Amino acid sequence: KATDVALTYMQGNRPVQRLVEQLNMTQEKISGITFHRMKLAPAVEILKAWIQGTDQLLAAASDIVNESGLDGLTMQAVADRVDCAVGTIYTYFNSKASLIAALQANAMQTILATYHRAAEQWDDALDASGLDDPAVESLVRVLAYGQLFLAGPELNPREFEFLQLAFTSPVNLVSVDDVSALTSHALTLLAEGLVLIDSAVASGAISAPDPGRGDD
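Residues numbered from 1 in each chain as written. Predicted model: local features only at pLDDT ≥ 70, side-chain atom pairs only at ≥ 80, totals over all residues. Heavy atoms only, no water.

Observations regarding the overall build of the protein
Okay, so step 1: Check the secondary structure of the protein and you find nine helices and two strands.
Okay, so step 2: The order of α-helices and β-strands along the protein, N terminus first, is α-α-β-β-α-α-α-α-α-α-α.
Okay, so step 3: Looking at the protein as a whole, 35% of its 216 residues qualify as buried.
Okay, so step 4: A total of about 13,000 Å² of accessible surface is found on the protein, and carbon and sulfur atoms cover 55% of it. (Helix = DSSP H or I, 4+ residues; strand = E, 2+ residues; numbered from the N terminus. Buried < 20%, exposed > 50% of the residue type's maximum accessible area, 1.4 Å probe, protein only. Areas by Shrake-Rupley, 256 points an atom, 1.4 Å probe, with all protein chains shown as cover.)

Quick look at the structure:
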């Protein structure tokens, strides 16, 4: 059933926004089964409510970390902040570790979204400049990407501070599975920079390291 699919995604803590978009279509194939909108209506509402609840809990948890640090983040503290039973929190996150992992993932996604918005502005500015030099354009993008990271703590102060707290803690705050998922988010962000560098190399704006020259 479509509702079962929705609940499975929720319990597995999978990214459900994409699923909601699929479920809202007139018909969509999920796991090889074609569903129709009338049958999907309950599942869509369940998923939307779950996303709203998740966003509310993550916002509350982020506020707590900002005010009291990671030590102040407890499931009870989050429940008190949103005025619900602590058991409700566990229907969204099965442990403090999974909550922290979700906060980390959310922080990385926010930073990635900031990059995408900035990249669109760079492209618009380059188009408006009338510059017709691929090498210069690619170099501008590489430099802008680096400047964006340097400005990151000012652009997304809470996200950068939270990631710093989480990554420098002497205690393992998240599970091995969560670390794998977070690594994927981090690699996605780094991959954006590698694409820009590869483009700059291809255009001749910069040169790749050459062991024959003694380059590191």
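Details of the nonpolar core
Okay, so step 1: By size, the foremost hydrophobic cluster in this structure holds 28 residues, and its most contacted members are Leu73, Val78, Phe93 and Leu99.
Okay, so step 2: Here the element with the most residues in this core is helix H3 (residues 37–68); it accounts for eight residues.
Okay, so step 3: With sequence-adjacent residues up to four places away left out, Leu73 is seen in contact with Ala61, Ile64, Val65, Val78, Lys96, Leu99, Ile100 and Leu103.
Okay, so step 4: Ranked by size, the runner-up nonpolar core spans 16 residues in total, among them Met108, Tyr115, Trp122 and Tyr145. (Core = buried A, V, L, I, M, F, W, Y, C linked by side-chain atoms within 4.5 Å. Contact = heavy atoms within 4.5 Å.)

A look at a nonpolar patch on the surface
Okay, so step 1: Taken together, the side chains of Leu139, Leu143, Leu194, Ile197, Val201 and Ile206 make up a nonpolar region of the molecular surface, amounting to roughly 460 Å² of accessible area.
Okay, so step 2: Counting only elements with at least two residues in the nonpolar patch, the list comes to helix H7 (134–155) and helix H9 (176–203).
Okay, so step 3: When residues in the nonpolar patch are grouped by element, the largest group, three residues, is from H9.
Okay, so step 4: Structurally, Ile197 is set in helix H9. (Patch = residues over 30% accessible without salt bridge, like charges linked within 9 Å, V, L, I, M, F, W, Y side chains within 5 Å. Salt bridge = Lys/Arg side-chain N within 4 Å of Asp/Glu carboxyl O.)

A short note on unusual backbone geometry
Apart from glycine, the bulk of residues carry a negative phi angle, and the bulk of peptide bonds sit in the trans form.
Okay, so step 1: Phi is positive for Asp83, close to 60 degrees, though the residue is something other than glycine.
Okay, so step 2: Position of Asp83 among the secondary structure elements: in the loop between helix H4 (75–82) and helix H5 (86–90).

Considering the side chain of Thr114
Okay, so step 1: Positionally, Thr114 belongs in helix H6 (residues 96–129).
Okay, so step 2: Polar contacts involving the side chain of Thr114 include one to the side chain of Arg117, which spans 3.3 Å. (Polar contact = N/O pair within 3.5 Å; in protein donor to acceptor, adjacent residues only side chain to side chain.)

Remarks on the packing of aromatic side chains
Okay, so step 1: This model, assessed by the stated rule, comprises three aromatic pairs.
Okay, so step 2: Taking the centre distance of 5.0 Å and the plane angle of 55 degrees together, the rings of Tyr145 and Phe149 count as tilted. Of this pair, Tyr145 and Phe149 both sit in helix H7, four residues apart, which is roughly one turn of the helix.
Okay, so step 3: A relative accessible area of 12% places Tyr145 in the buried class.
Okay, so step 4: Given the relative accessible area of 32%, Phe149 is considered partly exposed. (Phe/Tyr/Trp six-rings, centres within 6.5 Å; stacked < 30°, edge-to-face > 60°.)

The values reported here are purely geometric and, on their own, carry no functional implication.
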